[in-house]
Amino acid sequence: MKPGIHPEYRPVVFRDRAAGHAFLTRSTATSDHTVVWEDGHSYPVIDVEVSSASHPFFTGRQRVLDTAGRVERFEQRYGGRGR
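For clarity, every value in this text was computed on a predicted model and none was experimentally measured. Along each chain, residues carry numbers from 1 onward, in the same order as the chain's sequence is written. Owing to the predicted nature of the model, reporting of local features is limited to residues with pLDDT of at least 70; listing and counting of side-chain atom pairs is limited to 80 or more, with chain, interface and lining totals taken over all residues. Only hydrogens and water are set aside; all other atoms, that is, all heavy atoms of the structure, feed into the side-chain values.

### Focus on the overall build of the protein
For clarity, the threshold we go by: Secondary structure follows DSSP: runs of H or I at least 4 residues long count as helices, runs of E at least 2 residues long count as strands, and numbering of each begins at the N terminus. Buried, partly exposed and exposed residues are distinguished by accessible area as a fraction of the type maximum, computed with a 1.4 Å probe on protein chains only: under 20%, between the cut-offs, and over 50%, respectively. Whether two residues are in contact is decided by their heavy atoms, any of which lying within 4.5 Å being enough. Areas reported here follow the Shrake-Rupley algorithm with a probe of radius 1.4 Å; residue values treat only the protein chains shown as occluding.
Along its length, the protein carries 2 helices and 4 strands. Moving toward the C terminus, one meets the helices and strands of the protein in the order β-β-β-β-α-α. Per-residue burial over the protein gives 18% buried out of 83 residues. Expressed as a percentage of contacts within the protein between residues at least 6 apart in sequence, the contacts between residues at least 24 apart total 32%. Accessible surface, the protein as shown: approximately 7100 Å² in total, 52% of it carbon and sulfur.

### Focus on the pattern of salt bridges
Charged atoms that come close allow side chains of opposite charge to pair. To be explicit about the condition: One side-chain nitrogen of Lys or Arg within 4 Å of one carboxyl oxygen of Asp or Glu is enough to make a salt bridge.
A full pass over the atoms with the stated rule returns 2 salt bridges. The residue Arg 10 makes a salt bridge to Glu 8 at a minimum N-O spacing of 4.0 Å. Residue class for Arg 10 comes out buried when judged on its relative accessible area of 17%. Given a relative accessible area of 54%, Glu 8 falls into the exposed group.

### Some points on the sheet that holds strand E3 (residues 34–36)
Strands belonging to one sheet form pairs held by backbone hydrogen bonds; the direction of such a pair is parallel or antiparallel. The line we're drawing: The pairing criterion for strands is at least two bridges between them, as found by DSSP. All axes here are fitted lines through C-alpha atoms, helices being fitted over the stretch that makes contact, and every angle between N-to-C directions spans 0 to 180 degrees.
On the basis of which strands lie adjacent, the open sheet formed by 4 strands has the order E2-E1-E4-E3 and mixed pairing. Strands with a single pairing partner mark the edges of an open sheet, and in this sheet they are strand E2 (21–27) and E3. Each strand of the sheet is rotated relative to its neighbour by a mean of 45°, with strand direction disregarded. As paired elements, strand E1 (residues 10–16) and strand E4 (residues 42–48) share 4 bridges and run parallel to each other. Residue pairing in the sheet places Phe 14 in a bridge with Ile 46 of E4.

Put into structure tokens, the structure is as follows:
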């Protein structure tokens, strides 16, 4: 890699505000806010809207859409017009 052209890669805490879940990982993301982590060190913190802790797909609270019912309703409303 060329020296001096890549951003700094360092430990960062990502915090999901909706679920109250946080995890420490490495990233090039920057932040002016810091948080003291479990190990006693201070790290930059990035607040995110959705993570695997709060997204319905990962939590098992995903809604199943009734696509067959929607198609049938569409056919009832508009089925014979274009033919």
